[in-house]
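Summary of the model geometry
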Amino acid sequence: PTYHWDSTREVELARNTWRVLASAEIEDSEDTHFLDVVGKWTRSAETIIPPVDHTQILDPSSTEAQHPSGIDDGWDCSNTGETVVEISRVRRVLVPKRKGKDPLLTEDVVVNRIDHGIYARFIPVVASANDIPFYYPQVREYAFGYIESEDKDHAASTLVILARELSPGSAVATKKQQMIWQDLIKRLFKWTVTERFGYQKRVALDVMVDYETYTAKYQELKAKYAAFWVENWPEQTDPRKFVYEDIAIASWMVCLWQQDSENLRPTFVDLGCGNGLLVDLLTAEGYVGYGVDQCSRKVWSHYGQAVDLRAQTLEPYEYIADVDWIIGNHADELVPWIPVIAARSKAKFVLIPCCPHDFSGRRMTLPTVAGQSKYHVYSTYICDLAKNCGFEVEKEYLRIPSTKNLAIVGRRRVAEVSQSDIDAMIQAGKQDFVARVPDSVKNEMRLAKAQARKQHDNEESFQ
């Protein structure tokens, strides 16, 4: 893309001056691809404006939809010589995620064809510029444009982002504003290209927990816990990743558990709980459970007394959990064992697999074919294990900051599996299983080797 921050580039459209913010040439595309992208973004503003929770499309016949815009839409094409056709007009309401702090914003989305171009205009319906919320671009209006080439020898079309500024230079006055337009032109280009290829998402989001329910709970828990833990995180790891990721998982788990009207407060164990934050969050939300990991972490001592975290090495072939749910969030070598443990314990489970391990606890390599990732193949392997344990397997890709974000859930038994079959799986794994050496022991071994090497070097220097 080409960005126009330093040198002002302007175009005249419908008696108004628009500043060109960014542009990009795109080949082998059609205006229908651009219109499809605009249609999707119109229905879901949250796709391109992250602080927006969801979008409400107003009925054209409603009183609110008929109310005129406070800022004139400035699209008078009379006596300009331009051929204008209105393709669509929609009034929508942007509902922010921080509902108690940020205002709703009504907006008109008007799509026009002018000569060789199509322009999708986004016009805030406000009394004055002071009423534009922080999460919305600070402009009178902005537009996405698709301009067809008039040069037969140069068939590429051009995507542009335009703005009618509140004052000269105000649309790109800060680095943050410039980054917003950079992101938008890149998304517009990518989405238009992929629309041409008929791209469809291959992952299933919001299958077991709907988007609105999840985001409401996530915003609630983030407001409660995020700021404290980001500011007071005692580990060396990045709190912005782990804190927000565990808040997202906890939010999703709570929403999932609330679907069970017969047991609204299930008990749980988090196997391979790591830093224990997920256990802390679920405990704070009123659920009774505990976490198990080979080694304690520094952050464990910062949790309240009600948080039950246990440092111990599990022998999964012997373990039975007296809880309703077993959680395995990136539990590494325990992952293939968890469906077996759940079947033996008559419990439900949720797994978020990470690195591939087999029953022995060793890393495994599964064959892949073209178009398959190792993670996909390993996840399929875990799903097959769960089915062999009698579970109906459900899958959902979680909205967490991780590429390993598939949740595999077994909450219903649909096939009777005999105890002898489960015992056979346990015995087969028991023979080969080797527990991981705890990190604390590894560190002691490294330190001992380093000291021995240093002593050896000292002795040689004296000889």
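Anything mentioned here points back to the structure above.
So, here is what we can say about the structure in this document.

Rules and cut-offs
- Residues numbered from 1 in each chain as written.
- Predicted model: local features only at pLDDT ≥ 70, side-chain atom pairs only at ≥ 80, totals over all residues.
- Heavy atoms only, no water.
- Axes fitted to C-alpha atoms, helices over the stretch in contact; angles between N-to-C directions.
- Helix = DSSP H or I, 4+ residues; strand = E, 2+ residues; numbered from the N terminus.
- Left-handed = near helix turned anticlockwise from the far one by under 90°.
- Contact = heavy atoms within 4.5 Å.
- Nonpolar A, V, L, I, M, F, W, Y, C, P; charged D, E, K, R; others polar.
- Buried < 20%, exposed > 50% of the residue type's maximum accessible area, 1.4 Å probe, protein only.
- Pairing = 2+ DSSP bridges.
- 1 Å grid on protein atoms, 1.4 Å probe; cavity = no way out; pocket = protein on both sides within 12 Å on 5 of 7 lines; lining within 4 Å.
- Points joined across faces, edges and corners; volume = space filled by probe spheres on them.
- Salt bridge = Lys/Arg side-chain N within 4 Å of Asp/Glu carboxyl O.

This part is about the packing of helix α7 (residues 338–345) against helix α9 (residues 419–432). Where α7 contacts α9, the axes come no closer than 11 Å and their chain directions differ by 145°. Seen along the crossing, α7 lies across α9 with a hand that is left-handed. Only Gln 419, Ile 422, Met 425 and Ile 426 of α9 make contact with α7, whose side of the interface consists of Val 340, Ala 343 and Arg 344. Classifying every residue of the contact of α7 with α9 by side-chain character gives five nonpolar, one polar and one charged.

Here the focus is the pairing of strand β7 (residues 117–124). Put simply, side chains in a regular strand alternate between the two faces of the sheet. Within β7, eight of the eight residues are buried, which leaves it mostly tucked inside the rest of the structure. Side chains of β7 alternate between two faces, with Gly 117, Tyr 119, Arg 121 and Ile 123 and Ile 118, Ala 120, Phe 122 and Pro 124 buried alike. If you look at the hairpin formed by strand β6 (residues 105–114) and β7, you'll find two residues sitting between the two strands, and Asp 115 has a positive phi there, around 50°. Bridge count for β7 against strand β8 (residues 139–147) is six bridges, and the pairing is antiparallel. Counterpart to Arg 121 in the pairing with β8 is Ala 143.

What follows covers the sheet that holds strand β10 (residues 268–271). In spatial order, the strands read β12-β11-β10-β13-β14-β16-β15; together these seven strands make up an open sheet with mixed pairing. The outermost strands of the open sheet, each flanked by one partner alone, are β12 (308–311) and β15 (391–397). Going from strand to strand, the sheet's axes swing by 20° on average, the running direction of each strand aside. Looking at chain direction, strand β13 (residues 325–329) and strand β14 (residues 348–352) are connected through five bridges and run parallel. Paired with Gly 328 across the two strands is Leu 351, which belongs to β14. Contacts between helix α5 (residues 239–257) and the sheet are confined to β10, β13, β14, β15 and β16 (406–413), with β13 contributing the most and set at about 155° to the helix. Along the sheet, α7 makes contact with β10, β13, β14, β15 and β16, crossing β14 at roughly 170°.

Across all of its chains, the model carries one cavity of 30 Å³ or more by this definition. If you add up the space inside the largest cavity, you get close to 60 Å³. Considering the residues around the largest cavity, the lining is formed by Asp 206, Tyr 214, Ala 248, Trp 252, Glu 396, Tyr 397, Leu 398, Arg 399 and Ile 400. Broken down by secondary-structure element, the contributors of at least two residues to the lining of the largest cavity are α5 and β15.

Its identity as a non-glycine residue notwithstanding, Asp 332 has a phi of 50°, on the positive side. With respect to the secondary-structure elements, Asp 332 resides in the loop between β13 and α7.

Bringing helix α6 (residues 277–284) into the picture now. The buried count for α6 comes to seven of eight residues, which makes it a mostly enclosed element. Those residues of α6 hidden inside the fold are in contact with α4 (211–232), α5, β10, β11 (289–293), β12 and β13. Within two residues after α6, Gly 286 carries a phi angle of roughly 100°, on the positive side.

Tallied over the full model, the rule gives 21 salt bridges. Put simply, Arg 240 and Asp 238 hold a salt bridge, and the shortest N to O gap is 3.3 Å. Take Asp 238: its relative accessible area is 34%, and that puts it in the partly exposed class. Ionic pairing is found between Lys 348 and Asp 260, a salt bridge with its closest N-O pair at 3.4 Å. Of this pair, Lys 348 sits in strand β14 while Asp 260 sits in the loop between α5 and β10; the two residues are 88 residues apart in sequence, bridging distant segments of the chain. Via salt bridges that share partners, Lys 217, Glu 220, Lys 224 and Glu 285 belong to a single interconnected network.

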